[in-house]
Amino acid sequence: VLRSLGIPTRVITNFNSAHDRNINLSIDKYIDISGKTLHLTEDSVWNFHVWNESWFIRRDLGSFYDGWQVLDATPQERSKGIFRCGPASTRAIKEGDVNLDYDSSFVFAAVNADCVTWIHYSNKRKERIYSNTRKIGKFISTKAVGTNSRVDITDNYKYPEVKEISFKISYSQYKNALMDDRKILVTAV
């Protein structure tokens, strides 16, 4: 419909798409002390989810948020009492402006939520035992103009993930480093 009105529109696919029911920006999984999954949340991760983007000028939010806007024709949650999602600015999503209207927090979570596993000991006590900050929002894609090729637009939604650098050293290297530190300390005294 939007294309027929002359509004640029494209289909977007998000792989490992988070469905954050409580909008806390994490997909929580609870287990008991034996490792059995407890069904204490309705959060989930979908293999993929598809929505549309359309190009709008955002007089209501300011020119900073002009450009591609997320519109989900198949929303699973109510927004202000109605089943709808968007138009959420992709710029707002990338910048983490989750307090704006039009479901920017929901779309932000769909592409950026952390997956967190908790041990649930009792109604009042839980402990975070695992967190994956990279699982959600992979290969966010659209179709290339004029071909059937995929165009990766992940950078429109999120900044590049920071790579972890491993500083693993052997115990003997660690022990020798401590000896060197002691020599410096003794020399300094």
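Residue positions within a chain follow its written sequence, with the count starting from 1. Only residues with pLDDT of at least 70 get local features here, since the model is predicted, and only at 80 or more are side-chain atom pairs given and counted; chain-wide, interface and lining totals rely on the full set of residues. Note: side-chain values were computed over all heavy atoms of the structure, leaving out hydrogens and water.

Caption draft 1: Broad picture of the overall build of the protein chain. Each helix and strand counted, the protein chain has four helices and 12 strands in total. The cut-offs for exposure are 20% and 50% of the maximum accessible area for each residue type, with area from a 1.4 Å probe on protein chains only; residues under the lower value are buried, those over the upper are exposed, and the others partly exposed. Burial status across the protein chain gives 35% buried among its 189 residues. Residue contacts are counted whenever heavy atoms from the two residues lie within 4.5 Å of one another. The contacts in the protein chain between residues at least 6 apart in sequence include a share of 55% that link residues at least 24 apart. Per the convention used, a helix needs a DSSP run of H or I reaching at least four residues, while a strand needs a run of E reaching at least two, with both numbered from the N terminus.

Caption draft 2: Quick look at the sheet that holds strand 1 (residues 9-19). Paired strands, as defined in this entry, are two strands with at least two bridges between them according to DSSP. Read across the sheet, six strands follow the order 8-5-4-1-11-12 without closing on themselves; strand pairing throughout is antiparallel. Among the strands making up the open sheet, the edge pair consists of strand 8 (88-89) and strand 12 (150-152). As paired strands, strand 4 (residues 44-56) and strand 5 (residues 67-71) are joined by five bridges and run antiparallel to one another. Looking across to strand 5, one finds that Ser54 is bridged to Gln69. Structural elements are reduced to axes, namely lines fitted to C-alpha atoms, with helices fitted over the stretch in contact, and the angle between N-to-C directions of any two is expressed from 0 to 180 degrees. Strand contacts of helix 2 (residues 104-112): strand 1, strand 4, strand 5, strand 8 and strand 11 (138-143), with the helix running at about 70 degrees to strand 1, the strand carrying the most contacts.

Caption draft 3: Structural detail: the nonpolar core. Core analysis: the biggest nonpolar cluster contains 14 residues, and Trp51, Val70, Ile93, Val107 and Tyr157 have the highest contact counts within it. The element best represented in this core is helix 2, accounting for five residues. Ignoring any residue separated from it by four or fewer positions in sequence, one finds Tyr157 in contact with Ile12, Trp51, Glu53, Val70, Thr90, Ile93, Lys94, Val107, Val111, Asn112 and Ile140. Take the buried residues of types Ala, Val, Leu, Ile, Met, Phe, Trp, Tyr and Cys, join any two whose side-chain atoms come within 4.5 Å, and each joined set is a nonpolar core.

Caption draft 4: Quick peek at the environment of Ile12. Within the secondary structure, Ile12 is located in strand 1. Residue Ile12 is classed as buried on the basis of its relative accessible area, which comes to 0%. Separated by 140 residues in the primary sequence, Ile12 and Asp152 have C-alpha atoms spaced 9.7 Å apart. Not counting chain neighbours up to four residues away, the residues in contact with Ile12 comprise His49, Val50, Trp51, Glu53, Ile140, Ser141, Thr142, Ile153 and Tyr157.

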